[in-house]
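Summary of the model geometry
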Amino acid sequence: MALVRAAGIALAATGAAHFAAPKAFEPVSKLAFPNDTDAWIKRNGATELALGLALTTQKTRKAGLVGTAVYTAWLGAGTAYNRKSSL
């Protein structure tokens, strides 16, 4: 479980980085969220911060794993949809 905890810390740090350096996430975020990208960068940062923190504690790890899986699928679907729409 140390690996999951380390992944949670990394995910939480990535989430916090969305607020510290939002422009770094703009190219990736535009793929999934071409409209209102700046707001989505903040929303995604908050989500990743929360999910990452959930993964760091045994008590919330299962919910964090489920949430991370759902979040990853949702981001992938949004990216695929918007990429298909722009072709």
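For the structure, check the block above.
In short, a report on the structure. (Residues numbered from 1 in each chain as written. Predicted model: local features only at pLDDT ≥ 70, side-chain atom pairs only at ≥ 80, totals over all residues. Heavy atoms only, no water.)

1. So, the environment of Ala13
The test is simple: By definition, any uninterrupted DSSP run of H or I lasting at least four residues is a helix, any uninterrupted run of E lasting at least two residues is a strand, and each is numbered from the N terminus. Residue exposure (1.4 Å probe, protein chains only): buried if accessible area is under 20% of the type maximum, exposed if over 50%, otherwise partly exposed.
Mapped onto the elements of the fold, Ala13 is located in helix α1 (residues 2–20). Its relative accessible area of 46% is what places Ala13 among the partly exposed residues. For Ala13 and Asn35, which are 22 residues apart along the polypeptide, the C-alpha to C-alpha distance reads 25 Å.

2. Observations regarding the packing of α1 against helix α3 (residues 37–56)
How we decide: Only the contacting stretch of a helix is used when fitting its axis, a line to C-alpha atoms as for every element, and angles between N-to-C directions run 0 to 180 degrees. An angle counts as roughly parallel when it lies under 35 degrees, as roughly antiparallel when it exceeds 145, as roughly perpendicular when it falls between 65 and 115, and as oblique in every other case. By convention, the crossing between two helices is left-handed when the near helix turns anticlockwise from the far helix through less than a right angle, and right-handed when the turn is clockwise. By the convention used here, residues are in contact when the closest approach between their heavy atoms is within 4.5 Å.
Taken N-terminus to C-terminus, the directions of α1 and α3 make an angle of 155 degrees; their axes are 7 Å apart at the nearest point. Here α1 is positioned roughly antiparallel relative to α3, judged by the angle of their axes. With respect to the hand of their crossing, α1 and α3 are arranged in left-handed fashion. Of the residues in α3, those touching α1 at Val4, Arg5, Gly8, Ile9, Leu11, Ala12, Thr14, Gly15, Ala16, His18 and Phe19 are Ile41, Lys42, Asn44, Gly45, Ala46, Glu48, Leu49, Leu51, Gly52, Leu53, Leu55 and Thr56.

3. Brief notes about the pattern of salt bridges
Operational definition: The salt bridge definition used is simple: a Lys or Arg side-chain nitrogen within 4 Å of an Asp or Glu carboxyl oxygen.
If you walk through the whole model with that rule in mind, you get one salt bridge. Residue Glu26 is joined to Lys23 by a salt bridge in which the shortest nitrogen-to-oxygen separation is 3.2 Å. The exposure class of Lys23 is exposed, given its relative accessible area of 59%.

Any functional reading would require information that these geometric values do not contain.
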